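Residue strings, one per chain:
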Amino acid sequence: MRLEILPVLGIGDVTEGDDLAALIATAAPWLRDGDVLVVTSKIVSKAEGRLVDVPADGPERLAARDEVLAAETARVVATRGATRIVQTHHGFVMASAGIDASNVDKTRLVLLPQDPDASARALRAALRERYDVDVAVIVTDTMGRPWRNGLTDVALGVAGMPAIRDHRGEVDPYGNELQLTQMAVVDELAGAGELIKGKCDQVPVAVVRGYLTATAPDDGVGARALVRDAELDLFSLGTAEARAAGLAAAATLPDGPGAAPAEPAAVARAIAAVAGVVAPGTVFTPVTDDEVRAALAATVPGWPQRATGLVLGEPPTPVDPAGLVRLGADLQRLRTALAAEGVPSTLLPPPPGSTAAACLAL
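Since the structure is predicted, the reported quantities are computational estimates derived from the model, not experimental observations.

*Asks:* In this structure, what is going on with the packing of aromatic side chains? I would like to understand it.
*Replies:* Aromatic rings considered in pairs are described by the distance between their centres and by the relative angle of their planes. Following the criterion strictly, the structure yields 1 aromatic pair and no others. With a centroid separation of 4.9 Å and 80 degrees between ring planes, the pair formed by Trp-147 and Phe-235 is classed as edge-to-face. With Trp-147 in the loop between β8 (136-145) and β9 (148-159) and Phe-235 in the loop between β12 (205-209) and α6 (239-250), this residue pair connects regions lying 88 residues apart in the sequence. Take Trp-147: its relative accessible area is 70%, and that puts it in the exposed class.

Structure follows, in structure tokens:
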């Protein structure tokens, strides 16, 4: 295989309503059947009117950008300072939902195309029907990657070729059957096109020649084939977000019966872990007596019968309002420590006749 990567020069600035097929066909009359057209998503967005007006600078601009980002976000993956990694409504995980302020007027932001696969299909169809050239189309954008520095272009939309080349079931030269190998070839072609397009050269379109001998007879499923299903995503949250979600889940007493009993040793470790940070005089007392729990479940309205243990909390004496506030903070510290030990808990009023000010059901 011998590949050529060719720039499409002279397209110029693209504005809302422009005919991309006409602009590209005029700038590249040398297009051939089987070429792969690599198109920067920004010119697709501009032509489709995916622009929003924002103030040119100041806090008003930041506030407006935050509103736009919230609208484009389906799920927050990770936040570090001003950086937000989110999943868009398309399913892509990327910084700032792909919102871009480069190569556009300072009072506007460019959003990703509404449906990049549909944009790729429409551009391919227009070139085929009006200019009698059958090409594959890849709509691209720039992304960072987990575990690696630097950016690269990837495919957001595809038409005329499969997004993935599946080698599973093939046998390598050593006789090994390939089990997992699925190559994201459209991402590789997107990165190849970026070598020619650049970021400041105003070359938004490139052509990769020689990869395909012929385009696919139909448009295929598009770049959505690249979006990993949520249940298969082992890294669906940032580190801090995953830890917070895990602690929050662990700190909630399960609703169903049959919960595993709280291990006394785990409860003791959690109490010991917070001993050095709670307010002086705060006392946490674990209760593991089955008869006590049974009596509480029978006599205290709302007491969870599924509870397998409890911890009573007493503030320093004499008790004052500030001491009770400190006890509340200490209880939350203990709940976090319990969650880290895999012990869920819920906060309840203290049982009748107890001198405790608060109670955690485990």
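Having put the structure on the table, let's press on.
*Asks:* Looking at this structure, I do not really get the sheet that holds β9. What am I missing?
*Replies:* Within a beta sheet, neighbouring strands are joined by backbone hydrogen bonds and run either parallel or antiparallel to one another. Pairing in this open sheet of 5 strands is mixed, and the strands run β1-β12-β2-β8-β9 from one edge to the other. A single partner strand is all that each edge strand has here, and the edge strands are β1 (4-7) and β9. Recorded for the sheet is a direction-independent mean angle of 30 degrees between the axes of neighbouring strands. Alignment of β8 against β9, held across 9 bridges, turns out to be antiparallel.

*Asks:* What am I meant to see in the pattern of salt bridges here?
*Replies:* Pairing between side chains of opposite charge can happen when the charged atoms of each approach one another. Applying the stated rule across the entire model yields 15 salt bridges. Note that Asp-53 is salt-bridged to Arg-108, the shortest N-O span being 3.1 Å. With Asp-53 in strand β3 (residues 51-53) and Arg-108 in strand β7 (residues 108-110), this pair connects stretches of sequence that are 55 residues apart. By sharing partners, the salt bridges in this structure join Arg-124, Arg-128, Asp-134 and Asp-219 into a single network.

Conventions adopted
Residues numbered from 1 in each chain as written. Predicted model: local features only at pLDDT ≥ 70, side-chain atom pairs only at ≥ 80, totals over all residues. Heavy atoms only, no water. Phe/Tyr/Trp six-rings, centres within 6.5 Å; stacked < 30°, edge-to-face > 60°. Helix = DSSP H or I, 4+ residues; strand = E, 2+ residues; numbered from the N terminus. Buried < 20%, exposed > 50% of the residue type's maximum accessible area, 1.4 Å probe, protein only. Pairing = 2+ DSSP bridges. Axes fitted to C-alpha atoms, helices over the stretch in contact; angles between N-to-C directions. Salt bridge = Lys/Arg side-chain N within 4 Å of Asp/Glu carboxyl O.

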